[in-house]
Amino acid sequence: MPYKLLSYYASPKEIRAGVLVDDMVYDAARVGTNTAYADMMGVLDDWKKAKKALADGVKLIEAGKSRAKGTPLKKVKLAAPVPRPGVVFCAGANYKDHADNMARKQNRAPDPDPHDQGLNPWHFQKAPRSCTVGPGVKVKLPAYSQKVDWELELAAVIGITAKNVPLEKALSYVAGYTIANDLSARDMTKRPHLPDDSGFKFDWVGQKIFDGACPMGPWITPASQIKDPQNLDMKLWVDDQLMQDANTKLMLFNTAEQIAHLSKCVTLHPGDVILTGTCAGTGAERGVFLKSGQTMKLWIQDIGELSNTVV
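In this text, all values refer to a predicted model and were calculated from it rather than measured experimentally.

Draft legend 1. Quick peek at the overall build of the chain. For the chain, the count of helices and strands is 8 helices and 19 strands. Its C-alpha atoms give the chain a radius of gyration of 19 Å, near enough to 19 Å, the size a compact globule of 311 residues would have. Each principal axis of the C-alpha distribution contributes one length, and for the chain these read about 65 × 45 × 30 Å. Among the 311 residues that make up the chain, the fraction classed as buried is 54%. Long-range pairs, those at least 24 residues apart, make up 75% of the contacts in the chain between residues at least 6 apart in sequence. Surface summary for the chain: the accessible area is close to 14600 Å², and the carbon and sulfur share equals 51%. Charge-centre separation for the chain: the mean point of 39 positive side chains lies 6 Å from the mean point of 34 negative side chains.

Draft legend 2. View of the state of the cysteines. Tallying each qualifying case throughout the model produces 0 disulfides. Note on Cys-90: no disulfide assigned, nearest cysteine sulfur contributed by Cys-214 at a separation of 5.7 Å. In this structure Cys-90 comes out as buried when scored by relative accessible area, which is 0%.

Draft legend 3. Region of the structure containing helix H3 (residues 47–63). For H3, with 17 residues, the first-to-last C-alpha span of 24 Å sits near the 24 Å given by 1.5 Å per residue. Within H3 the residues assigned to the buried category are Trp-47, Ala-50, Leu-54, Gly-57, Val-58 and Ile-61. One face of H3 carries all of its buried residues, which in axial projection span an arc of 105 degrees. For H3, exposure combined with an orientation more than 90 degrees from the buried face picks out Lys-48, Lys-49, Lys-52 and Lys-59. Where H3 is buried, its residues contact strand E1 (4–11), strand E2 (14–21), strand E3 (24–27), helix H1 (28–31), helix H2 (40–45) and strand E12 (174–181). Immediately beyond the C-terminal end of H3, within one or two residues, lies Gly-64, with a positive phi of roughly 75 degrees.

Draft legend 4. Structural context of a nonpolar patch on the surface. Together, Trp-122, Phe-202 and Trp-204 make up an exposed nonpolar region whose accessible area comes to about 310 Å². Summarising the element assignment, Phe-202 is placed in the loop between strand E13 (184–185) and helix H6 (204–208). Residue classification places Phe-202 among the partly exposed residues on the basis of a relative accessible area of 40%.

Draft legend 5. Representation of the sheet that holds strand E9 (residues 138–139) in the model. Ordered by their spatial adjacency, 5 strands build an open sheet running E9-E19-E18-E15-E16, and the pairing between neighbours is mixed. A strand with exactly one partner marks an edge of an open sheet, and here the two such strands are E9 and strand E16 (241–247). Where strand E15 (residues 233–238) meets strand E18 (residues 295–300), 5 bridges bridge the pair, whose relative direction is antiparallel. From the neighbouring strand, Trp-237 faces E18, where its bridge partner is Lys-297.

Draft legend 6. Quick look at the nonpolar core. Core analysis: the largest hydrophobic core is formed by 76 residues, its most contacted members being Val-19, Leu-54 and Leu-275. A per-element tally of this core places strand E11 (residues 152–158) first, with 6 residues. What Leu-54 contacts, discounting residues up to four positions off in sequence, is Tyr-3, Leu-5, Val-19, Ala-28, Val-31, Gly-32, Tyr-37 and Val-43. Counting 8 residues, the second largest nonpolar core, distinct from the first, contains Leu-6, Tyr-8, Val-76 and Trp-219.

Draft legend 7. Here's a closer look at the side chain of Ser-7. Position of Ser-7 relative to the elements: it lies in strand E1. For Ser-7, a relative accessible area of 0% translates into the label buried. A distance of 2.7 Å separates the side chain of Ser-7 from the backbone oxygen of Pro-81, its partner in a polar contact. Excluding residues that lie within four positions of it along the chain, Ser-7 makes contacts with Ile-15, Arg-16, Ala-17, Met-40, Leu-78, Ala-79, Ala-80, Pro-81 and Pro-83.

Draft legend 8. Local environment of unusual backbone geometry. With omega at 0 degrees, the peptide bond leading from Gly-217 into Pro-218 counts as cis. Examined against the element boundaries, Pro-218 turns out to sit in strand E14 (residues 214–222). A positive phi is found at Asp-22, a non-glycine position, where the angle reads about 55 degrees. Here Asp-22 shows up in the loop between E2 and E3. Judged by its relative accessible area of 59%, Asp-22 falls in the exposed class. Positive phi values are uncommon outside glycine, yet Thr-33 reaches one of about 50 degrees. The residue Thr-33 is located in the loop between H1 and H2 in this model.

The rules behind these values
Residues numbered from 1 in each chain as written. Predicted model: local features only at pLDDT ≥ 70, side-chain atom pairs only at ≥ 80, totals over all residues. Heavy atoms only, no water. Helix = DSSP H or I, 4+ residues; strand = E, 2+ residues; numbered from the N terminus. Rg over C-alpha atoms; globule rule 2.2 N^0.38 Å. Buried < 20%, exposed > 50% of the residue type's maximum accessible area, 1.4 Å probe, protein only. Contact = heavy atoms within 4.5 Å. Areas by Shrake-Rupley, 256 points an atom, 1.4 Å probe, with all protein chains shown as cover. Lys, Arg positive; Asp, Glu negative; His and termini not counted. Charge placed at Lys NZ, Arg CZ, Asp CG, Glu CD. Disulfide = S-S within 2.5 Å. Expected span 1.5 Å × (residues − 1). Arc of directions from axis to C-beta. Patch = residues over 30% accessible without salt bridge, like charges linked within 9 Å, V, L, I, M, F, W, Y side chains within 5 Å. Salt bridge = Lys/Arg side-chain N within 4 Å of Asp/Glu carboxyl O. Pairing = 2+ DSSP bridges. Core = buried A, V, L, I, M, F, W, Y, C linked by side-chain atoms within 4.5 Å. Polar contact = N/O pair within 3.5 Å; in protein donor to acceptor, adjacent residues only side chain to side chain.

What follows is the structure, encoded as C-alpha cells:
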C-alpha cells in the first residue's frame, strides 16, 4: 500500500514523524517499531532500515494487524515534512522556459543549453531553520520588499550520505520527494549602487533568505513510489489564477545531475533538501507580485498539494 511520510504537531511544542495511509496519520515510531523514528531526522538518519520497517508496518495496518492507532488527517496539524533540514540547496535557472522568459524580460538573448557550454548545475542556499515552514502557515511578507514572487519546485530529500556519487546511482540517495516554494524578493536581486558586471552585484540574502521564504510539504512521497522524478506534472495557483503549469521533464539539469554535482563539492547528509528549480510562470516574468491575503496553492503529481497564505 502506498504511504507518505510527514511531520505533525503532537502538541503545540512537539513535532513528531508520521505515516499517512489513506486518510489516516499514524505515529512513525509505532509503525516502524523504533523509538528513533519519533522525528523525521531519526527516520532519515536510518533510512536504509527505516524504509523497510515502515513499509512492513504499513502492511500490518493494511491487514488490520497493527497496534498503531491512526488519527484522521483532517484533525492533524502538519509541519514541514523535514522541520529543520540540514541544508537547503536551491537550483538556479534550471528550466529553459523560465530562463528564456527572464532573458526576454531583461532584453537579452536566451542562453544556450548549459550542457553545450560545458557548465555544471549551480545552486544557492536558504537558511533552513528560519526559511522552512509547513503547510497552512501564514508567511509574513518582508517589510523591505514590494516584489515577493512565487517559485514552484520539486524538492528531493536526501536519505543516505552522499559524496562523489556517480550520476547513474545519484537517485538512490534520495529518500523521497516533496513540494517547495522558493519565495523570492525580486526587488532585492541586485544592489543598485554597483555596476552590472560587478561580482558583488547580487544580494542573495535579501532576495532569497527571509523568514518563511521556503514553504515545504505537505509530506514526502518515498522515492520508491515515484517512477520517474523527471516526468511529473506541476502547477501553481495564486488565489484561483493558474500561474505555473509544466512538467519536471523540462529541467535543464535533471535531479540526478544535480545530486551528483553537489556531492562532488560537498558531502550531502540525510535531511538535506535539494530544490530542483522552477518553471515558467513566475511573477517576475509577468510583472505581478504577491499581495497580502493571497493564497498560493502548489501541486505536483504523485506528491500532493501545498498551500500557504501571505500576510
